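Secondary and tertiary structure notes
Spelled out, the chains give:
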Amino acid sequence: MYRRALIMMLVGMALVGATACKNKKVTNPIANVDSKQPDKVLFDRAMDAMKHSHFDVARVTLQTLINTYPDSEYIARAKLAIGDSWYAEGGSAAMAQAENEYKDFQTFFPNMAEAAEAQMKIANIHYSEMEKPDRDYTHAKRAEEEYRQMILQYPDSKLIPQAKQRLREVQEILADREYRIGRFYFLREDYPASIARLQTMSDTYPLYSGADETLFLIGQCYQAEAEAVRRVPTVAPGKRGVTETQKAALIENYEKNAANAYAKIVTRYPAMPRAEAARKKLADMHMPVPTPTPEALAQNKAEEQSRGHQSRSQEVMGFLNHHPDTTEAAKVGEPQMIDPPQTNPVKLVQQANAALLNKPAAKPAAGTNNGLTLEPVGAGAPPPSEPLPRSDSGATNPETAAPVETGTPTPTAPSTSGGTSSTTDANNASAGTASTNDANTAPAPAPARVNDAATPPADSSSGTSTSGQTNAQPDAKSGSSSDSNTTNSQDSTSKKKKKKGLAKLNPF
């Protein structure tokens, strides 16, 4: 019972906190202005309605002010207050309406000081809807774009310090997401994909709280690639495979990249936990260990001291909070304003191929994959320009099959009904024509299509079949009965049989 009561109390506190955060505080920016003008009276009345969470009444009052007094000095404030009413109301639909109202305000009043406030509130909308790193990051990316636009478009605004801090918090969440993806690829031993993700994240978000861990993981990826190359067997020069020289060049390239990652930890993040481990890695690889400058050491210490840490209660209640935790974001330093070029895993493979072949990195050569040069398998392999033969291009294909010379057509045996098979004559005529033509000048034409369903089947008791006939002839013993049976069978397929007995009751 005690445990259940404790859980219910914690859930109640979370709901109360969420409800309190939903309705944002609204203040009247011109409340101290002493005026009895009707437009000022309408504006004060709207602000009072918003204070009591009567947002519909406030919007109607503000719209009345805008329509009735278009030359009022409170028009700009009224337009901005309409967006504030949607923003204070909360909810996804209301936030979308607030963003539209703020953008309209920037369009109509771009030179006013409140335009920076409108841009800041647009960014705050996406900041408030930002989710945790392992969830959808759409609002986080939008918040990053809007805060960057705020800083670049309104550099003299008094809201710039707040915008920079919010931008650092947003970039902390985005960097954490990229780190988790890169670590996932590392655990699956997909090292090029892991290096590409982590290197891009390290270049884009240098203030990330796990920047040293990111660079250390990059170094481990390159070392794992070098160990994989060491296990590849070598061949003598001139033979197909990897020679000892190529193998040594590729290993040297991977170890050099790993040493660069470890050295960056020592020079850029000397006050972070992975700095000592990076020095040890460089010493084990027999690489020079750099010494950080006093400026870099002071900068990194200031970044680490500005970070916050979650309390025990915040960790317990974190699963109930929709908003991500940003306490570990740095509070000093300039956030990244422009994204650097992303590291492409394809380019990493191209660089490995260039190191393997001892050539400068260029366009990927044809037939390369996973850092090793591929060659056609087998001595008789066709060149890439020639397509491989299709599986259905044998003698069964009449258009591609070679023409076959046929001799004198065998006379057709007359049927018992006194007529001659027209299908057999047509086939024999085409075969006779093909035999007179030169086999090298033109291929044999495709044989005429035969309707097997309309041809009576051959009787096993009939005599020897003729090689020039396409369809077997009926036996003379069958007489006209076979013809009548064939006619009846054909009629039965086209005419409906009469129903008898109880079958008449069946409508189908």
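Residues numbered from 1 in each chain as written. Predicted model: local features only at pLDDT ≥ 70, side-chain atom pairs only at ≥ 80, totals over all residues. Heavy atoms only, no water.

**With respect to the overall build of the protein chain**
- Helices and strands together make up the secondary structure of the protein chain, namely 17 helices and two strands.
- Within the span of the protein chain, comprising 508 residues, buried residues form 33% of the whole.
- Counted over contacts in the protein chain with a minimum sequence separation of 6, partners at least 24 positions apart contribute 61%.
- Only carbon and sulfur atoms are counted for the fraction: they give 55% of the accessible area of the protein chain, which is about 31,800 Å². (Helix = DSSP H or I, 4+ residues; strand = E, 2+ residues; numbered from the N terminus. Buried < 20%, exposed > 50% of the residue type's maximum accessible area, 1.4 Å probe, protein only. Contact = heavy atoms within 4.5 Å. Areas by Shrake-Rupley, 256 points an atom, 1.4 Å probe, with all protein chains shown as cover.)

**Concerning a nonpolar patch on the surface**
- Residues Val-316, Phe-319 and Leu-320 make up a contiguous nonpolar surface patch of roughly 300 Å² in combined accessible area.
- One can find Val-316 in helix H14 (residues 312–317). (Patch = residues over 30% accessible without salt bridge, like charges linked within 9 Å, V, L, I, M, F, W, Y side chains within 5 Å. Salt bridge = Lys/Arg side-chain N within 4 Å of Asp/Glu carboxyl O.)

**So, the packing of aromatic side chains**
- Per the counting criterion, the structure on display carries eight aromatic pairs.
- When the ring of Phe-43 is compared with that of Tyr-74, the centres are 6.3 Å apart and the planes differ by 25°; the resulting orientation is stacked. Of this pair, Phe-43 sits in helix H2 (residues 38–51) while Tyr-74 sits in the loop between helix H3 (55–68) and helix H4 (75–89), and the two are 31 residues apart along the sequence. Grouping residues by exposure puts Phe-43 and Tyr-74 together as buried.
- Above the plane of the ring of Trp-86 lies Arg-59, whose end atom (NZ or CZ) is 3.6 Å from the centre.
- Above the ring of Tyr-137, the side-chain terminus of Arg-177 is found at 3.6 Å from the ring centroid. (Phe/Tyr/Trp six-rings, centres within 6.5 Å; stacked < 30°, edge-to-face > 60°. Lys NZ or Arg CZ within 6 Å of the ring centre and 35° of its normal.)

**Considering the environment of Asn-321**
- Mapped onto the fold, Asn-321 is located in the loop between H14 and helix H15 (345–357).
- A C-alpha to C-alpha distance of 9.6 Å links Asn-321 and Glu-131, two positions 190 residues apart in sequence.

**As for H4**
- In this model, H4 (15 residues) spans 21 Å end to end at C-alpha, consistent with the 21 Å of a helix rising 1.5 Å per residue.
- Two residues or fewer past H4, Gly-90 is found with a positive phi of approximately 80°. (Expected span 1.5 Å × (residues − 1).)

**Some thoughts on unusual backbone geometry**
- With a phi close to 65°, Glu-189 is a non-glycine residue in the positive phi region.
- Along the chain, Glu-189 falls in the loop between helix H8 (160–187) and helix H9 (191–204).
- Residue Glu-189 is classed as exposed on the basis of its relative accessible area of 57%.

**A look at helix H5 (residues 92–108)**
- Counted at 1.5 Å a residue, the expected span for H5 with its 17 residues is 24 Å, and the 25 Å between its end C-alpha atoms agrees.
- For H5, the set of buried residues is Ala-94, Met-95, Ala-98, Glu-99, Glu-101, Tyr-102, Phe-105 and Gln-106. What you see down the axis of H5 is that its buried residues fit within an arc of 165°, all on one side. Residues of H5 that are exposed and point more than 90 degrees away from the buried face comprise Ser-92, Ala-93, Thr-107 and Phe-108.
- Tucked inside the fold, the buried residues of H5 contact H4, helix H6 (114–128) and helix H7 (138–153). (Arc of directions from axis to C-beta.)

**Notes on the packing of helix H11 (residues 244–268) against helix H12 (residues 275–284)**
- Remark: H11 packs on H12, axes separated minimally by 8 Å, with the N-to-C direction vectors making an angle of 140°. Between H11 and H12, the angle falls in the class oblique. Of the two elements, H11 crosses H12, and the hand of that crossing is left-handed. Contact residues: Ala-259, Tyr-262, Ala-263, Ile-265 and Val-266 in H11; Ala-275, Ala-278, Arg-279, Lys-281 and Leu-282 in H12. (Axes fitted to C-alpha atoms, helices over the stretch in contact; angles between N-to-C directions. Parallel < 35°, antiparallel > 145°, perpendicular 65-115°, else oblique. Left-handed = near helix turned anticlockwise from the far one by under 90°.)

**Quick notes on the environment of Asn-260**
- Here Asn-260 lies in helix H11.
- It is 9.4 Å that separates the C-alpha atoms of Asn-260 and Leu-282, two residues lying 22 residues apart in sequence.

**With respect to the pattern of salt bridges**
- Inspection of the entire model under this criterion finds 27 salt bridges.
- Two residues, Glu-144 and Lys-141, come together in a salt bridge whose shortest N-O distance is 3.3 Å. Here the residue Glu-144 and the residue Lys-141 both occupy positions in helix H7, the gap between them amounting to three residues, near one helical turn.
- A relative accessible area of 1% means that Glu-144 is categorised as buried.
- You can call Lys-141 partly exposed: its relative accessible area is 25%.
- In this structure, Glu-303 and Arg-268 form a salt bridge, with 3.2 Å as the shortest nitrogen-oxygen distance. Here Glu-303, found in helix H13 (residues 294–306), pairs with Arg-268, found in helix H11; they are 35 residues apart in sequence, far enough to count as distant.
- Salt bridges sharing partners connect three or more residues here, namely Arg-77, Asp-84, Glu-114, Glu-117 and Lys-121.

**Some details on the environment of Glu-244**
- When you line up the elements, Glu-244 lands in helix H11.
- Taking the C-alpha atoms as reference points, Glu-244 and Val-232, 12 residues apart in sequence, are found 9.9 Å from one another.
- Once residues within four sequence positions are removed from consideration, Glu-244 is found in contact with Thr-234 and Val-235.

**Examining the confidence of the model for the protein chain**
- When pLDDT is averaged along the protein chain, the result is 75, and 63% of the positions lie at 70 or above.
- Predicted confidence is poor over residues 18–23, with pLDDT under 50, and the contacts of this stretch with residues over four places away or in other chains come to five contacts.
- Overall, residues 361–442 carries pLDDT values under 50, and its contacts beyond four positions in sequence, including any with other chains, amount to 75 contacts. (pLDDT = per-residue confidence, 0-100.)

**Section: the side chain of Ser-72**
- Within the fold, Ser-72 resides in the loop between H3 and H4.
- A distance of 3.1 Å separates a polar atom in the side chain of Ser-72 from the backbone nitrogen of Tyr-74. (Polar contact = N/O pair within 3.5 Å; in protein donor to acceptor, adjacent residues only side chain to side chain.)

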